[in-house]
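Architecture and fold: a report
Given next are the chains, with one letter for each unit.
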Amino acid sequence: MASVVHNITFDCPDAYALGQFWSVVTARPLTDEDFPGDEEVLIELGSGVNLLFKQVPDPKTVKNRVHVCLRPDVPRDEEVTRLLAAGAALVADQRRPDGTGWVVLGDPEGNEFCVERSAAEKAATA
């Protein structure tokens, strides 16, 4: 027996606003049932795993113990630039001179996530 991951859930003060940010990140829309002011919104990623955003009254106070790692379909640095323009914040730059490494960003609520190298970048250095 095994369990599968169904939702990755983000607690936040404005579920719709944070869902809109992650919709840009993933290039996936919010569901048709989601509207401003909703206490929960959902992004269906199409892989069986969803991103769920739930409104909660308490703010984020410490570093995430679990985070999302993104592998873009474009070069890592191009994706980092896109996400910063979309409202992410730079948390830590772990890129190395040889092109390896990753970048830690924060979403508008401060939830950390990593941007890794694309599959093509990894294959080019293998």
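**A closer look at the environment of Lys-54**
Position of Lys-54 relative to the elements: it lies in strand β3 (residues 50-55). With relative accessibility at 30%, the residue Lys-54 sits in the partly exposed group. Lys-54 sits 20 residues away from Asp-34 along the chain, and the two C-alpha atoms are 12 Å apart. Among all residues touching Lys-54, those that are not within four sequence positions of it are Thr-9, Phe-10, Asp-11, Cys-12, Ala-15, Glu-39 and Glu-40.

**Observations regarding the sheet that holds strand β7 (residues 112-115)**
On the basis of which strands lie adjacent, the open sheet formed by four strands has the order β4-β7-β6-β5 and mixed pairing. Where the open sheet ends on each side, the last strands, each with one partner, are β4 (68-70) and β5 (89-93). The average undirected angle you get between the axes of adjacent strands in this sheet is 30°. Here four bridges tie strand β6 (residues 103-106) to β7, and the two strands are oriented antiparallel to one another. For Gly-106, the partnering residue across the bridge sits in β7 and is Glu-112.

Reading the values: rules and limits
- Residues numbered from 1 in each chain as written.
- Predicted model: local features only at pLDDT ≥ 70, side-chain atom pairs only at ≥ 80, totals over all residues.
- Heavy atoms only, no water.
- Helix = DSSP H or I, 4+ residues; strand = E, 2+ residues; numbered from the N terminus.
- Buried < 20%, exposed > 50% of the residue type's maximum accessible area, 1.4 Å probe, protein only.
- Contact = heavy atoms within 4.5 Å.
- Pairing = 2+ DSSP bridges.
- Axes fitted to C-alpha atoms, helices over the stretch in contact; angles between N-to-C directions.

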